[in-house]
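Spelled out, the chains give:
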Amino acid sequence: MVARLLLRAWPRSPAVGRGGSCRPLSAGFEPGQYLQRSIVPTMHYQDSLPRLPIPKLEDTIRRYLSAQKPLLDDDQFRKTEQFCKSFANGIGKELHEQLVAQDKQNKHTSYISGPWFDMYLAARDPIVLNFNPFVAFNPDPKSEYNDQLTRATNMTVSAMKFLKTLRANLLEPEIFHLNPVKSDTDTFKRLIRFVPSSLSWYGAYLVNAYPLDMSQYFRLFNSTRLPRPSRDELFTDDKARHLLVLRKGHFYVFDVLDQDGNIVSTSEIQAHLKYILSDNSLAPEFPLAYLTTENRDIWAELRQKLVSSGNEETLRKVDSAVFCLCLDDFPIKDLVHLSHNMLHGDGTNRWFDKSFNLIIAKDGTAAVHFEHAWGDGVAVLRFFNEVFKDSTQAPAVTPQSQPASTDSPVAVQKLHFKLNDALKSGISAAKEKFDATMKTLTIDCIQFQRGGKEFLKKQKLSPDSVAQLAFQMAFLRQYGQTVATYESCSTAAFKHGRTETIRPASTFTKRCSEAFVREPSKHSAGELQQMMAQCSKYHSQLTKEAAMGQGFDRHLFALRYLATAKGIKLPELYLDPAYGRINHNILSTSTLNSPAVNLGGFAPVVADGFGIGYAVHDNWIGCNVSSYPGRNAREFLQCVEKALEDMFDALEGKAIKT
């Protein structure tokens, strides 16, 4: 299994809490159809984005050995060093040269894009838990707007406005502004729009602005991952105009765009959703959605049976729908229930293969659950932020709005599937496996209220480094070890960039963790502060390197992929147990931060691991952890809390409590 690359996105929330500087340029367009009308076309920078660099082989080897150092004893490290030396001077050098030559022939993309798609699409594990994460919205600030029908209507309309704005090239380009006073202004936008697309990136770079890759955005809508034997396929049909709605395991479709491509009237959408919510049909005996939770080869075989049983046209409606809206029939009890429901639910009311499912519970609690092969956190978070902002600040309907008097029984089509005995037993088997697996998953969360970003920045510490250090200390306290740790980082600053790995476990974090956990009384608060500062400095360096495509994980992955593709015997470096261990990510971590986000989460990527979604807010730190039997999420979080308390004590000059 591979790590869920949730979101170490560029630290900007493009749609929430932005200044008004660019809004005058978004005025004067057809109301109700678009979110904005950017004068700089959405894809203006795409052609001139820089290419993802392939690191020098010697740099990759050096970084790899630095990441291995805290995980290995001296003998193991010497062996791994020897494997690296042989690799760098022999087959590794040849593979690297071939990779560079191949990259020069493919200037339209990045060296990681193809192998990364293959990695996801060729994986045969079920995508639920193994790959798909979720991100939950904060409630609408106006409590009466959290009524299920009201919020479902508003979010659907906002999502459709996003679709229309994106396709009309009117969505503001995604840019990371290092100096927004200069670059996030009307003046800059008026100038840059006249710079040809082939040069526009350089114009932005001159004012310290970094446009991000937007090549994944088109897959947000009308897209589905189709199960195929040995390698799945990404399917998109941008001509389809209908929405897919799931409720109580039943499938419904209705048009949300008219023949001219305009969003149908809000009151009609509301009427159709109200009609679906009033359907009293019992849940189906064989809920088809379970099939999307299966092993991909088994699902591919069953899908073929579905097609040959006369369901091809019906499946096409599911696959081509703009997105999948899931209406759940119960309220959310607490944050743990929220995580379980949005990450996996009961298996009957999600189509896990869709690019995303927008889930809305009975009490209006909402989340996006997304399939990961097509794209990463940057695209999803932009969509998420824009939908939250538009649906809360410019809602299409109020709780008092009356649905249109329309013929919903005609406009809404309930989909029926023809199921033979083989399909029925396939669904039953999928349900059995799904239920058994879900019973093994534990999720728990904490909110550490003593401080957050503001306090840590005053101490001149990277807030992310402190959170990661807490995870290292917690695991050491709980299990007495330092283990392979993964933090995802976006490389969207480059054309067709995906992600790179930050390796938070270092010799610095190991030394610091041992001081805090094993011998706090031997060190003064000043010494502990100094160790934390070293960890912070090194973590910031790793983060910067990863964001600039200078990690080691993707490079080694691409070299291995190339060796396999060319039928070359796998080099010894990859057969070294230490390589297997560093890629067995016991601590898989991912952070996201946005005023629209309540929390996010994912399952562990290995059976003996933790899945850690976290966010460092201005004045508190949130952490959402999942585990399987053999690991204890609750205890781990208690250790995380203890680590944070100890670090805050040290920063305040207090003695560490044992």
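Residues numbered from 1 in each chain as written. Predicted model: local features only at pLDDT ≥ 70, side-chain atom pairs only at ≥ 80, totals over all residues. Heavy atoms only, no water.

## Examining the overall build of the protein
Inference 1: Within the protein one finds 22 helices and 18 strands.
Inference 2: Computed over C-alpha atoms, the radius of gyration of the protein comes to 25 Å, within 12% of the 26 Å expected from 2.2 N^0.38 for 658 residues, which places it in the range of a compact globule.
Inference 3: Expressed as lengths along the three principal axes of its C-alpha atoms, the size of the protein is roughly 75 × 65 × 55 Å.
Inference 4: With 658 residues in all, the protein has 60% of them scored as buried.
Inference 5: Nonlocal contacts in the protein, meaning residues at least 24 apart in sequence, comprise 79% of its contacts between residues at least 6 apart.
Inference 6: Of the roughly 25,600 Å² of accessible surface on the protein, 52% is carried by carbon and sulfur atoms.
Inference 7: Here the protein carries 78 positive and 71 negative side-chain charges, and the mean point of each set is 4 Å from the other. (Helix = DSSP H or I, 4+ residues; strand = E, 2+ residues; numbered from the N terminus. Rg over C-alpha atoms; globule rule 2.2 N^0.38 Å. Buried < 20%, exposed > 50% of the residue type's maximum accessible area, 1.4 Å probe, protein only. Contact = heavy atoms within 4.5 Å. Areas by Shrake-Rupley, 256 points an atom, 1.4 Å probe, with all protein chains shown as cover. Lys, Arg positive; Asp, Glu negative; His and termini not counted. Charge placed at Lys NZ, Arg CZ, Asp CG, Glu CD.)

## A few points about the side chain of Ser626
Inference 1: Of note, Ser626 is situated in strand β18 (residues 621–627).
Inference 2: Engagement of the side chain of Ser626 in a polar contact is seen with the backbone oxygen of Phe602, the distance being 2.7 Å.
Inference 3: Those residues in contact with Ser626 that lie beyond four places of it in its chain are Leu441, Thr442, Ile443, Phe602, Ala603, Pro604, Gly609, Phe610, Gly611 and Ala633. (Polar contact = N/O pair within 3.5 Å; in protein donor to acceptor, adjacent residues only side chain to side chain.)

## Focus on empty space enclosed by the protein
Any empty space left between atoms is shown by rolling a water-sized probe over those atoms.
Inference 1: One pass over the full model with this rule turns up eleven cavities of 30 Å³ or more.
Inference 2: Roughly 190 Å³ of volume is contained in the largest cavity.
Inference 3: Forming the boundary of the largest cavity are 21 residues, of which Asn598, Leu599, Gly600, Gly622 and Cys623 lie nearest the centre.
Inference 4: Counting residues per element, the ones that place at least two in the lining of the largest cavity are β12 (442–448), β16 (597–601), β17 (610–616) and β18.
Inference 5: Counting residues per element, the lining of the largest cavity draws most heavily on β16, at four residues. (1 Å grid on protein atoms, 1.4 Å probe; cavity = no way out; pocket = protein on both sides within 12 Å on 5 of 7 lines; lining within 4 Å. Points joined across faces, edges and corners; volume = space filled by probe spheres on them.)

## Regarding the UniProt feature "active site" (unreviewed entry) in the protein
Inference 1: When the UniProt feature table is mapped onto this chain, "active site" (unreviewed entry) is found at His372.
Inference 2: Mapped onto the elements, His372 comes out in the loop between β10 (366–370) and α12 (377–393).
Inference 3: Under the relative-accessibility criterion, His372 is labelled buried at 0%. (UniProt positions renumbered as here; feature names shortened; annotations may be inferred.)

## Points about the pairing of β12
Inference 1: Most of β12 is tucked away, with five of its seven residues classed as buried.
Inference 2: Here β12 pairs with β18 via seven bridges, running antiparallel. If you follow Cys445 over to β18, its bridge partner there is Asn624. (Pairing = 2+ DSSP bridges.)

## Quick word on the pattern of salt bridges
Inference 1: Tallied over the full model, the rule gives 39 salt bridges.
Inference 2: A salt bridge links Lys305 to Glu301; the nearest nitrogen and oxygen atoms lie 3.8 Å apart. Of this pair, Lys305 and Glu301 are both found in helix α10 (residues 296–320), four residues apart, which corresponds to roughly one turn of the helix.
Inference 3: Judged by relative accessible area, Lys305 falls into the partly exposed class, the value being 31%.
Inference 4: Residue classification places Glu301 among the exposed residues on the basis of a relative accessible area of 52%.
Inference 5: Arg503 is the salt-bridge partner of Asp553, the closest N and O atoms lying 2.7 Å from each other. Here Asp553 is found in helix α19 (residues 553–565), whereas its partner Arg503 is found in the loop between β14 (499–502) and α17 (507–518), with 50 residues between them in sequence.
Inference 6: Exposure remark for Asp553: the relative accessible area of 8% places this residue in the buried category. (Salt bridge = Lys/Arg side-chain N within 4 Å of Asp/Glu carboxyl O.)

## Digging into α10
Inference 1: Helix length check: α10 (25 residues) gives 20 Å between terminal C-alpha atoms against 36 Å at 1.5 Å per residue, more than 12% under.
Inference 2: At Asn311, α10 shows its largest kink, close to 115 degrees.
Inference 3: Of the positions making up α10, those classed as buried are Arg296, Trp299, Ala300, Leu302, Arg303, Leu306, Asn311, Thr314, Leu315, Val318, Asp319 and Ser320.
Inference 4: Considering only its buried residues, α10 is in contact with β4 (223–226), β5 (233–236), β6 (242–247), β7 (250–255), β11 (413–415) and α14 (421–439). (Expected span 1.5 Å × (residues − 1). Bend = angle between axes of the 7 residues up to and from the residue.)

## Quick word on the pairing of strand β1 (residues 134–137)
Regular strands place their side chains on alternate faces of the sheet.
Inference 1: Side chains Phe134 and Ala136 of β1 all project onto a buried face; the interleaved residues Val135 and Phe137 project onto the opposite face, where all are buried too.
Inference 2: Here β1 runs beside β10; their pairing, made up of three bridges, is antiparallel. Pairing of Val135 across the sheet is with Val368, part of β10.

## Some remarks on unusual backbone geometry
Inference 1: Even without a glycine there, the phi angle at Lys460 is positive, about 60 degrees.
Inference 2: Note that Lys460 resides in the loop between α15 (453–458) and α16 (463–479).
Inference 3: A positive phi angle is found at His496, which is not glycine, with a value near 55 degrees.
Inference 4: Along the chain, His496 falls in the loop between β13 (485–490) and β14.

## Let's talk about the UniProt feature "domain: Choline/carnitine acyltransferase" (unreviewed entry) in the protein
Inference 1: The sites that carry the UniProt feature "domain: Choline/carnitine acyltransferase" (unreviewed entry) are, in the present numbering, residues 52–642.
Inference 2: In the segment residues 52–642, helix accounts for 45% and strand for 15%; the C-alpha atoms at its two ends are 40 Å apart.

## A short note on helix α1 (residues 57–68)
Inference 1: Compared with the 16 Å implied by 1.5 Å per residue over twelve residues, the 16 Å span of α1 between its first and last C-alpha is a close match.
Inference 2: With nine of twelve residues buried, α1 is to be regarded as a mostly interior element.
Inference 3: Taken together, the buried positions of α1 are Leu57, Asp59, Thr60, Ile61, Arg63, Tyr64, Leu65, Ala67 and Gln68.
Inference 4: For α1, the secondary structure elements touched by its buried residues are α2 (74–89), α3 (91–105), α18 (525–547), α19, α20 (572–575) and α21 (577–582).

## So, the environment of Thr491
Inference 1: Residue placement: Thr491 occurs in the loop between β13 and β14.
Inference 2: In this structure Thr491 comes out as buried when scored by relative accessible area, which is 2%.
Inference 3: In this structure the C-alpha to C-alpha distance between Thr491 and His250, which are 241 residues apart in sequence, comes to 39 Å.
Inference 4: Not counting chain neighbours up to four residues away, the residues in contact with Thr491 comprise Leu52, Gly497, Arg498, Thr499, Glu500, Ala546, Ala547 and Gly549.
Inference 5: Polar contacts involving the side chain of Thr491 include one to the main-chain amide nitrogen of Thr499, which spans 3.5 Å.

## Points about the sheet that holds β18
Inference 1: Reading across the sheet, the six strands line up as β12-β18-β17-β15-β13-β14 and stay open at both edges, with mixed pairing between neighbours. Because the sheet does not close on itself, it has two edges, and the strands there are β12 and β14. For this sheet the average axis-to-axis angle between neighbouring strands, irrespective of direction, equals 25 degrees.
Inference 2: Across seven bridges, β17 lies against β18 in antiparallel orientation. Pairing of Tyr614 across the sheet is with Cys623, part of β18.
Inference 3: Sheet strands in contact with helix α22 (residues 633–651) are β12, β15 (587–591), β17 and β18, and its direction is about 20 degrees off that of β12. (Axes fitted to C-alpha atoms, helices over the stretch in contact; angles between N-to-C directions.)

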